[in-house]
Amino acid sequence: MAIATLAAVAASVSATLLLGLSGWFLSAAAVAGAAGPAAVLAFNYLLPSAGIRFLAIVRTAARYIERVAGHEAALKALAEIRPAVFAGLAAGPPERSLQVSRGEASARLVQDVDAIETLFVRLAAPWAGGGAVLVGAVLIAMASLWAAAAFLALFVMQVGLGMRLGTHPLNRPEEDVLAANGRLKDAFLAVAAAAPELRCNGLTPRVIETLMAQAEVLGEARVRVWSAEGLAGLAPALLTGLAVAVVLGLSAAAPSPLVALAALAAATGMEGGAGLARMFDHDGAARAAAKRLDELLAADGAGPASSPSDLASSLSLPKGAATIVLGPGERLAIVGRSGSGKTRLLETLIGLRAPRAGGLMVAGRPLETLAVGDLRSLFALAPQDAGMISGTVRDNLVLGDPAASDEALWSALADAALDAKVRAMPQGLDTWIGEGGAHLSGGERRRLSLARALLRPAPWLLLDEPTEGLDAETEQAVVRALHARLARTGQGAIIASHRPAPLTLCDQRLSVGD
């Protein structure tokens, strides 16, 4: 940003000097030509023409350096901000993260961060605008000190007007655009997953109407923004014209070359100063984006405060008036009717839901007192809704352990009874499985999710309906492989299931919802 700022100052100063010198040169050459051959022969045109060429080269080079360095700095800043926002979504307190929908999360990661980018790109504007104005004032003062004073007064008026417009209600439509964009993404994502059912039931036209209504709200907000920007751009243009007229009037008594120099310097100086006023154009949007991002960037407790070995000594769960205590390597079956809270219990253990005070204990410490990172170092979850990222088999597996070797990947697939299927795929581990795993069956996605959980080096496995949707033969193969793996690794397990087969792996049982 320092390089970009220096380049911006050089570009604005050289542009002001270039136009002022050009005006003086053309006027002086015209006066010399009108004065006769003797004046023409005496007129030194080499020095000003060389200065014009030099200033043109400096302006072009400085503008290029400013753009490259400024955008590089902005992109580096965004490279820090976006992962921080993602971490805030992924590892923040559940009561906050669960309130952010997928569409809203996407809007914050993309459009809100883009709105912040303009702040970095414009950091050089005050210095560049100040350089242009100061040089312009010096050039104008060569023709008239009063004209220079009037020019500076009009420039201060321009900046004040820019600040006023930046905090004016005219900027609220930009905040409306951010909110409307998030709502449109939410509306789309809400129906995209159900697209086949919508088509089969003939509901697609109705859904399109709903989405178009949301898109129309977004479009109206954008039109209001563009209208506000047009009005905001009109004032600097009028002030620039007024500055040129005032400078011409106050410097009329000076020689005509100096008058031309002063008028063009006023135009260029006000134009350069307009960059300072334009800093406030997107102030409303930037403020709104910064506020929305700040809500996610405070990811307190995201990192583990203890090592897994310190907390893996015991896990206590209430069972009526008694308590179930699990030691390392022990297994617990969670049973209960649908909707009784089995999934919620597993999600609470791994920090996806806020725990209730009292009841769940880890190593003698209440669950609610532990950081989210601590909980996620203890558990590996294979959820009931097996979510897949759009990528290859390997891409989905290494989410469990980014450093896992191919041997470890194949071992986890074998323990999930999926290795034969993957070996038969065209590219094996590197086979593309489609958008959200669309090329896999529901049972295959579930087993791939199980293999991913098996790769995670955690003291306990949390398995939510691990064999749901599998035929009896495949289910038995998965249960046998799991039994062998748990015995080999010494991992504990908490398994929630309606099916009896996976529950045979457990030696204790907890019924929820009774």
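Residues numbered from 1 in each chain as written. Predicted model: local features only at pLDDT ≥ 70, side-chain atom pairs only at ≥ 80, totals over all residues. Heavy atoms only, no water.

Right, let's talk about the overall build of the protein for a bit. Within the protein, the regular secondary structure consists of 21 helices and nine strands. For 514 residues, the compact-globule estimate of 2.2 N^0.38 gives 24 Å, and the protein exceeds it by more than 25% at 34 Å. Overall, the C-alpha framework of the protein stretches about 110 × 55 × 45 Å when taken along its three principal axes. Relative to its 514 residues, the protein shows a buried fraction of 46%. (Helix = DSSP H or I, 4+ residues; strand = E, 2+ residues; numbered from the N terminus. Rg over C-alpha atoms; globule rule 2.2 N^0.38 Å. Buried < 20%, exposed > 50% of the residue type's maximum accessible area, 1.4 Å probe, protein only.)

What follows covers the packing of helix α3 (residues 46-91) against helix α5 (residues 102-121). Two elements in contact, α3 and α5, have axes whose closest approach is 9 Å; the angle formed by their N-to-C orientations is 150 degrees. With respect to α5, the axis of α3 lies roughly antiparallel. In the crossing of α3 with α5, the sense of the turn from one axis to the other is right-handed. Mapping the contact onto sequence places H71, A74, L75, A77, L78, I81, R82, V85, F86 and L89 in α3 and A105, L109, V110, V113, D114, I116, E117, F120 and V121 in α5. Considering only residue class, the contact of α3 with α5 consists of 15 nonpolar, one polar and three charged. (Axes fitted to C-alpha atoms, helices over the stretch in contact; angles between N-to-C directions. Parallel < 35°, antiparallel > 145°, perpendicular 65-115°, else oblique. Left-handed = near helix turned anticlockwise from the far one by under 90°. Contact = heavy atoms within 4.5 Å. Nonpolar A, V, L, I, M, F, W, Y, C, P; charged D, E, K, R; others polar.)

A separate point is the layout of surface pockets. Volume-wise, the largest pocket comes out at about 2300 Å³. When residues of the lining of the largest pocket are traced back to their parent elements, those giving at least two are α3, α4 (94-97), α5, α8 (172-192), α14 (342-349), β6 (379-382) and α19 (442-455). Looking at the lining of the largest pocket residue by residue, the class counts come to 25 nonpolar, 12 polar and 11 charged. (1 Å grid on protein atoms, 1.4 Å probe; cavity = no way out; pocket = protein on both sides within 12 Å on 5 of 7 lines; lining within 4 Å. Points joined across faces, edges and corners; volume = space filled by probe spheres on them.)

Taken as a whole and assessed by the stated rule, the structure comprises one aromatic pair. Here R423 stacks its cationic end above the ring of W410, 4.0 Å away from the centre of that ring. (Phe/Tyr/Trp six-rings, centres within 6.5 Å; stacked < 30°, edge-to-face > 60°. Lys NZ or Arg CZ within 6 Å of the ring centre and 35° of its normal.)

Time to look at a nonpolar patch on the surface. A cluster of nonpolar residues, I3, Y64, I65 and V68, forms a patch on the protein surface that exposes about 420 Å² of accessible area. By relative accessible area, V68 is classed as partly exposed at 42%. (Patch = residues over 30% accessible without salt bridge, like charges linked within 9 Å, V, L, I, M, F, W, Y side chains within 5 Å. Areas by Shrake-Rupley, 256 points an atom, 1.4 Å probe, with all protein chains shown as cover. Salt bridge = Lys/Arg side-chain N within 4 Å of Asp/Glu carboxyl O.)

In this structure the tally under the stated criterion is two cavities of 30 Å³ or more. Approximately 40 Å³ is the volume attributed to the second largest cavity. Looking at the second largest cavity, the residues that line it are A382, P383, A386, R446, S449, L450, D464, E465 and P466. Considering each element in turn, the lining of the second largest cavity owes the most residues, three residues, to α19.

We now examine the sheet that holds strand β3 (residues 331-335). Spatial ordering of the open sheet is given by β6-β7-β8-β3-β9, a layout of five strands whose pairing is parallel. With one partner strand each, in any of the chains shown, β6 and β9 (508-511) form the two edges of the open sheet. Averaged over all adjacent pairs, the angle separating strand axes in this sheet is 15 degrees, with direction ignored. Pairing analysis gives four bridges linking β3 to β9, with the strands arranged parallel. Across the sheet, the residue bridging to I334 is L510, located in β9. (Pairing = 2+ DSSP bridges.)

Turning our eyes to something else, we now look at the pattern of salt bridges. Enumeration according to the criterion identifies 10 salt bridges in this entry. We note a salt bridge from R488 to D415, for which the minimum N-O separation is 3.1 Å. One end of the pair, R488, is in helix α20 (residues 472-489); the other, D415, is in helix α17 (residues 406-415), and 73 residues separate them in sequence. You can call D415 buried: its relative accessible area is 9%. The salt bridge partner of K421 is E444, with a shortest N-O separation of 3.5 Å. Of this pair, K421 sits in helix α18 (residues 419-423) while E444 sits in helix α19; the two residues are 23 residues apart in sequence, bridging distant segments of the chain. Overall, K421 belongs to the partly exposed group, its relative accessible area being 38%. Taking relative accessible area as the criterion, E444 reaches 12% and is therefore assigned buried. A cluster of three or more residues bridged by salt bridges with shared partners is formed by R394, D406 and D430.

The next subject is the nonpolar core. Of all hydrophobic cores here, the largest spans 40 residues; its most connected members are V393, L397, L413, L429, L448, L450 and L461. No other element matches the six residues that α19 contributes to this core. Those residues in contact with L461, other than ones at most four positions away along the chain, are A380, A453, L454, L486, Q491, G492, A493 and I494. In this structure, L311, A312, L370 and L510 belong to the second largest nonpolar core, which totals 25 residues. (Core = buried A, V, L, I, M, F, W, Y, C linked by side-chain atoms within 4.5 Å.)

For the rest of this paragraph, the subject is the sheet that holds strand β2 (residues 322-326). Pairing is antiparallel in the open sheet, where four strands are placed in the order β2-β1-β4-β5. On the outer flanks of this sheet lie β2 and β5 (365-366), each paired with one strand and no other. Summarising the sheet, strand β1 (residues 315-319) and β2 pair through five bridges and their orientation is antiparallel. Bridge pairing links K319 to A322 in β2.

An ideal rise of 1.5 Å per residue puts 50 Å on 34 residues; helix α1 (residues 2-35) measures up with 49 Å between its terminal C-alpha atoms. Looking one or two residues beyond α1, the residue adopting positive phi is G36, at roughly 115 degrees. (Expected span 1.5 Å × (residues − 1).)

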